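So the chains spell out like this:
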Amino acid sequence: MQEKYLPTDIERAAQAHWNSTKAFRAVADAKRPKYYCLSMFPYPSGKLHMGHVRNYTIGDVLSRHHRMKGYNVLQPMGWDAFGLPAENAAMQNQVPPAKWTWDNIAYMKQQLQSLGFALDWERELATCAPEYYKWNQWLFLRMLEKGIAYKKTQVVNWDPVDQTVLANEQVIEGRGWRTGALVEKREIPGYYLAITHYADELLAALDTLPGWPERVKTMQANWIGKSTGLRFAFPYELDGKAEKLWVFTTRADTIMGVSFCAVAAEHPLATHAAQSNPQLAAFIDECKHGSVMEADLATMEKKGLPTGIFVDHPLTGAKVEVWVGNYVLMSYGDGAVMGVPAHDERDFAFARKYGIAIEQVIAVEGQSFALDAWQEWYADKQRGRCVNSGRYDGLGYEAAVDAIAADLAAKGLGEKKVQFRLRDWGVSRQRYWGCPIPIVHCEECGSVSVPDEQLPVVLPEDCVPDGSGNPLNKRADFLDCACPKCGKPARRETDTMDTFVDSSWYYARYCVDPATRAANTAMVDASSNHWMPADQYIGGIEHAILHLLYSRFWTKVMRDLGLVNYDEPFANLLTQGMVLNHIFSRRNDKGGIEYFAPEEVDLRRDEDGHVVGATCKADGQPVDYGGVGTMSKSKRNGVDPQALIETYGADTARFFMMFASPPEQTLEWSDSGVEGAYRFLKRVWAFGFAIQSQAAAAMPATLAAGPAALRREIHLLLKQANYDLGKLQFNTVASAAMKMLNALEKAHKESADASQAPVLAEGFSILLRVLSPIAPHLCHTLWTELGYGAEILAAPWPEPLETALVQDEQELVLQVNGKHRGNIRVKVGADRTAIEAAALASEAAQKFMEGKPAKKVVVVPGRLVNIVV
RNA sequence: GCCCGGGUGGUGAAAUUGGUAGACACAAGGGACUUAAAAUCCCUCGGCCGCAAGGUCAUGCGGGUUCGAUUCCCGCUCCGGGCACCA
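Nothing here was measured: the structure is a model prediction, and the numbers come from that model.

Notes on the layout of surface pockets
Piece 1. Within this model, the second largest pocket holds a volume of roughly 410 Å³.
Piece 2. Along the walls of the second largest pocket sit 22 residues, with Gln 536, Leu 725, Gly 726, Lys 727 and Leu 728 positioned nearest its centre.
Piece 3. Only helix 2 (50-68), strand 27 (573-576) and helix 22 (705-726) provide two or more residues apiece to the lining of the second largest pocket.
Piece 4. Broken down by class, the residue content of the lining of the second largest pocket amounts to 10 nonpolar, 7 polar and 5 charged.

What follows is the structure, encoded as structure tokens:
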């Protein structure tokens with residue numbers, strides 16, 4: 001056995017061993033419980049980043065732990081290979097996105113392999129491969145047949161200079177990122193998937209997911225946004241015709257306080273009024289500028305203009321003026337809202353700004369209504385009662401809503417309605433590097449589906465986009481085709497699918513039997529029913545809503561098409577925190593922002609060690625410290641894992657990632673700490689080397705006090721480690737391993753007594769197994785070298801022994817008036833009275849009770865005694 | 001702006017989730033070994049008072065519940081994630 005820890009050598013050898021034994025190939029087996037451990041697949045951006053290392057190490061720790069616990073583990077990997085960055089890289093380097101993507105995949109695959117993850121590479125997939133995206137197209141056509149996919153207009157960011165559609169990310173402060181031109185909203189046709197058909201099920205089924213974090217379920221529930229309210233109409237007459245302006249509200253109890261209505265700029269009523277009102281037309285035009293992002297809409301100044309059109313209040317008949325408001329969304333409800341300034345914050349601000357009447361219709365007893373000071377209760381559903389509301393006066397929220405709903409229903413002007421915030425999923429993208437939408441446009445037959453037997457519609461792989469729109473529009477060999485219906489010359493659809501489509505079902509594709517995959521005769525087969533749902537899904541918290549919701553939707557569609565027999569794709573979800581690093585920047589001469597990598601700056605600290613500033617190492621000038629943020633190329637604060645692996649080895653990288661913070665929390669990067677992880681692994685190796693001759697010592701029937709105490713300590717730490725593994729809290733599992741080594745080293749150093757050899761041998765075998773999911777190469781090698789067995793992968797997971805844990809006395813905390821004043825020792829299993837007596841008799845208690853009698857004694861068995869005087 | 005998280009020593013964090021706040025590490029300082037360095041090992045390490053024993057304050061800020069609060073409740077503040085075309 002080597003005396004020195006040589007990570008490069010042992011990691012290469014261990015990986016070669018696992019390869020040659022096909023150790024991680026997953027084969028369905030009815031006799032063993034399955035464990036499908038799924039990590040979010042990476043976008044092949046070029047090289048692995050720390051977020052990937054963190055994500056996949058978590059998955060690998062879970063996989064290896066479950067394998068040793070007897071599960072049949074499937075842990076696959078693949079590539080989310082379509083997307084915008086490939087087009088950007090293509091523009092920059094004149095390389096087709098396909099080549100760039102496949103090259104990146106090859107490099108990143110080798111990086112993943114060097115980290116020693118227990119992956120079944122035979123199931124690898126890439127979403128940009130025609131054999132994969134064929135099934136996106138196939139399922140899209142099934143959705144079209146069922147009416148789940150449909151066509152309507154969508155609003156996009158339009159760059160008027162490049163004549164192209166921009167992603168939200170490409171809009172910076174309202175301007176196109178390349179041209180700097182003011183972005184406009186533009187309506188174009190596109191395909192939508194009716195996720196709203198499943199809104200109720202997607203919401204209700206959150207309750208069937210106890211293995212999901214509460215916060216993710218809350219976010220999804222809020223996103224779906226089910227609200228029960230009233231959809232009602234304001235009647236009006238226009239050009240002699242009777243019309244209705246429909247609105248939706250969850251606060252029907254405030255209807256009597258309506259003093260205006262507001263419609264979206266795209267609302268027909270706005271369009272109509274603008275025909276005879278140039279000022280209004282200009283305002284509507286202004287509303288069309290700016291991005292389509294909700295965050296922008298919500299933070300911009302609320303503006304409006306009256307239309308001069310009046311509608312009738314449906315209950316009082318009073319005239320109510322209609323305004324156009326830039327904050328009203330056409331895509332939500334009917335694109336119109338009622339305005340009740342007294343009981344809605346936004347309406348209040350709007351009314352104040354434009355001098356619209358504010359009429360109180362809700363009162364809370366004991367509270368007075370004043371325009372500056374009723375925000376605490378103005379919308380209180382619990383305590384509020386109707387006032388100034390005619391026959392509804394005195395009614396509470398629910399009674400008022402019921403009465404008003406009934407009255408409006410009787411007039412045919414309204415009914416209770418369940419409304420969702422969730423909108424249908426627009427999947428058309430005017431981009432090249434994505435899955436082609438399998439539609440052909442024929443002058444005679446219109447939009448025609450590509451027949452199944454002609455799938456996949458293959459994307460040409462040699463285009464290089466230039467930023468001025470989709471290059472497919474210039475590819476005659478792609479565009480020109482025969483109409484599948486009439487056979488006449490036709491034109492292929494050039495829009496491609498949202499990349500969220502690709503990632504909405506890849507988890508099921510991994511499960512497909514390799515033979516089915518090879519023949520590619522089906523999207524999924526019965527194997528997906530065996531492995532699915534994934535027992536553990538691991539990925540960044542940034543996917544809490546969109547990706548996870550789309551995947552749940554897609555699964556339900558596949559279920560309803562009879563393709564799979566499960567309702568939900570992911571039984572347990574772990575949302576890892578982001579990996580953050582410090583951000584340093586400086587405004588340059590041109591007014592742009594220049595970023596500096598952390599290694600390019602020196603930090604200035606105050607006496608307490610707090611960061612107070614930073615300077616650039618190169619020029620000594622100050623730079624702005626921007627706090628911490630997710631590692632990204634654009635902010636230049638990423639750390640390359642490759643250097644880490646090359647210097648210290650994969651086990652150190654993995655150990656540090658697990659030790660640095662619990663998986664769900666954000667992880668602030670620090671170079672220090674990596675050294676510490678490396679030091680620990682070296683000590684593990686050195687200890688193995690030191691006790692190699694004792695590793696076979698057999699445990700005697702009884703132990704002397706010293707070795708028994710050491711054994712108890714190890715088994716206690718094991719108990720804690722197992723508990724923490726159950727909580728997915730791997731940082732304390734790593735620290736338990738460190739504590740075990742500290743205890744073993746100390747005993748080994750302090751006593752040469754041969755009688756403790758069996759405890760050292762057993763303790764180290766426990767340590768190696770507990771550590772092996774985190775640092776598998778090291779533990780695999782030591783396990784074999786010390787002769788514990790052939791294969792640590794096949795070793796059973798250790799469980800603490802009750803016989804090793806017993807003790808006769810225990811220590812309790814002694815408190816007087818809730819303050820820690822000392823400790824007492826009592827027999828294990830001592831009853832309350834005995835503990836109380838021992839506590840009262842103790843010196844510390846006597847001192848701090850100051851002669852006063854005990855009013856109350858709180859005894860928490862096994863923990864503490866609190867004497868209240 | 002809206003929704004969801006988080007804030008504990010110089011730093012990352014722990015506290016079996018209402019019961020000894022700071023385990024385990026990192027950094028720093030001191031020492032041993034060495035011709036020297038690296039590596040390794042040992043000691044100190046939240047603030048204040050004290051020679052010490054010990055006391056006292058302290059888990060972002062302000063309140064509350066409790067014998068007892070990092071943990072539960074209310075308000076604020078700062079940081080992170082998401083907001084539907086980044087993935």
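Remarks on the pattern of salt bridges
Piece 1. One pass over the structure, following the stated rule, counts 38 salt bridges.
Piece 2. Among the ionic pairs, Lys 556 bridges to Glu 201, the shortest N-O distance being 3.1 Å. With Lys 556 in helix 18 (residues 546-560) and Glu 201 in helix 6 (residues 199-204), this pair connects stretches of sequence that are 355 residues apart.
Piece 3. Look at Lys 556 and you get buried, because its relative accessible area is 0%.
Piece 4. Judged by its relative accessible area of 27%, Glu 201 falls in the partly exposed class.

Topic: the sheet that holds strand 15 (residues 336-339)
Piece 1. Pairing is mixed in the open sheet, where 4 strands are placed in the order 13-14-12-15. If you trace the sheet from one side to the other, it starts and ends with strand 13 (304-312) and strand 15, each paired once. Adjacent strand axes in the sheet meet at a mean angle of 30° when their direction is disregarded.
Piece 2. Alignment of strand 12 (residues 260-263) against strand 15, held across 4 bridges, turns out to be antiparallel. Bridged to Cys 261 within strand 15 is Met 338.
Piece 3. Relative to strand 13, helix 9 (residues 278-287) is tilted by about 115°, and along the sheet it contacts strand 13 and strand 14 (319-325).

Observations regarding empty space enclosed by the protein
Piece 1. The full count for this structure, using the stated rule, is 3 cavities of 30 Å³ or more.
Piece 2. Around the largest cavity sit 18 residues that line it, and Glu 87, Met 91, Thr 164, Gln 170 and Gly 467 are the ones nearest its centre.
Piece 3. Among the elements of the structure, helix 3 (84-93) and strand 6 (164-166) are those that each provide at least two residues to the lining of the largest cavity.
Piece 4. Looking at which element gives the most residues to the lining of the largest cavity, the answer is helix 3, with 4 residues.
Piece 5. When grouped by side-chain class, the residues that make up the lining of the second largest cavity number 6 nonpolar, 2 polar and 1 charged.

Remarks on the packing of helix 20 (residues 650-660) against helix 21 (residues 674-690)
Piece 1. The interhelical angle for the contact between helix 20 and helix 21, taken along N-to-C directions, is 120°, at an axis separation of 9 Å. Handedness of the helix 20/helix 21 crossing: right-handed. Across the interface between the two elements, Asp 651, Thr 652, Phe 655 and Phe 656 of helix 20 pack against Val 674, Ala 677, Tyr 678, Phe 680 and Leu 681 of helix 21.
Piece 2. Here the contact of helix 20 with helix 21 is built from residues that sort into 7 nonpolar, 1 polar and 1 charged.

Describing the confidence of the model for chain A
Piece 1. Model confidence for chain A is summarised by a mean pLDDT of 91, while 97% of its residues fall at 70 or above.
Piece 2. Two numbers describe this predicted complex: its pTM, 0.93, and its ipTM, 0.95.

As for the sheet that holds strand 11 (residues 241-249)
Piece 1. In spatial order, the strands read 11-10-18; together these 3 strands make up an open sheet with antiparallel pairing. What marks the edges here is a single partner per strand, and that holds for strand 11 and strand 18 (414-419). Across this sheet, the average inter-strand angle for adjacent strands is 35°, counted without regard to direction.
Piece 2. Along the sheet, helix 12 (residues 397-410) contacts strand 10 (227-238) and strand 18; its crossing angle with strand 18, the most-contacted strand, is approximately 120°.

Things to note about the packing of aromatic side chains
Piece 1. The full count for this structure, using the stated rule, is 33 aromatic pairs.
Piece 2. Look at Tyr 198 and Phe 553: their rings are 5.6 Å apart centre to centre, the planes differ by 70°, and that puts the pair in the edge-to-face class. Taken as a pair, Tyr 198 in the loop between strand 9 (184-193) and helix 6 and Phe 553 in helix 18 lie far apart in primary sequence, 355 residues in all. Like Phe 553, Tyr 198 is buried.
Piece 3. Between Arg 231 and the ring centre of Trp 246, over which it is positioned, the NZ or CZ distance is 4.2 Å.
Piece 4. Taking the ring centre of Trp 223 as reference, the NZ or CZ of Arg 421 above it sits at 4.6 Å.

Brief notes about the pairing of strand 10
Piece 1. Judged from the 6 bridges that link them, strand 10 and strand 18 form a sheet pairing that is antiparallel. Of the residues in strand 18, the one forming a bridge with Gly 229 is Lys 417.
Piece 2. One ladder, built from 9 bridges, connects strand 10 with strand 11; its direction is antiparallel. By the bridge assignment, Arg 231 is partnered in strand 11 with Phe 248.

What counts as what
Residues numbered from 1 in each chain as written. Chains lettered and ligands numbered in written order. Predicted model: local features only at pLDDT ≥ 70, side-chain atom pairs only at ≥ 80, totals over all residues. Heavy atoms only, no water. 1 Å grid on protein atoms, 1.4 Å probe; cavity = no way out; pocket = protein on both sides within 12 Å on 5 of 7 lines; lining within 4 Å. Points joined across faces, edges and corners; volume = space filled by probe spheres on them. Helix = DSSP H or I, 4+ residues; strand = E, 2+ residues; numbered from the N terminus. Nonpolar A, V, L, I, M, F, W, Y, C, P; charged D, E, K, R; others polar. Salt bridge = Lys/Arg side-chain N within 4 Å of Asp/Glu carboxyl O. Buried < 20%, exposed > 50% of the residue type's maximum accessible area, 1.4 Å probe, protein only. Pairing = 2+ DSSP bridges. Axes fitted to C-alpha atoms, helices over the stretch in contact; angles between N-to-C directions. Contact = heavy atoms within 4.5 Å. Left-handed = near helix turned anticlockwise from the far one by under 90°. pLDDT = per-residue confidence, 0-100. Phe/Tyr/Trp six-rings, centres within 6.5 Å; stacked < 30°, edge-to-face > 60°. Lys NZ or Arg CZ within 6 Å of the ring centre and 35° of its normal.

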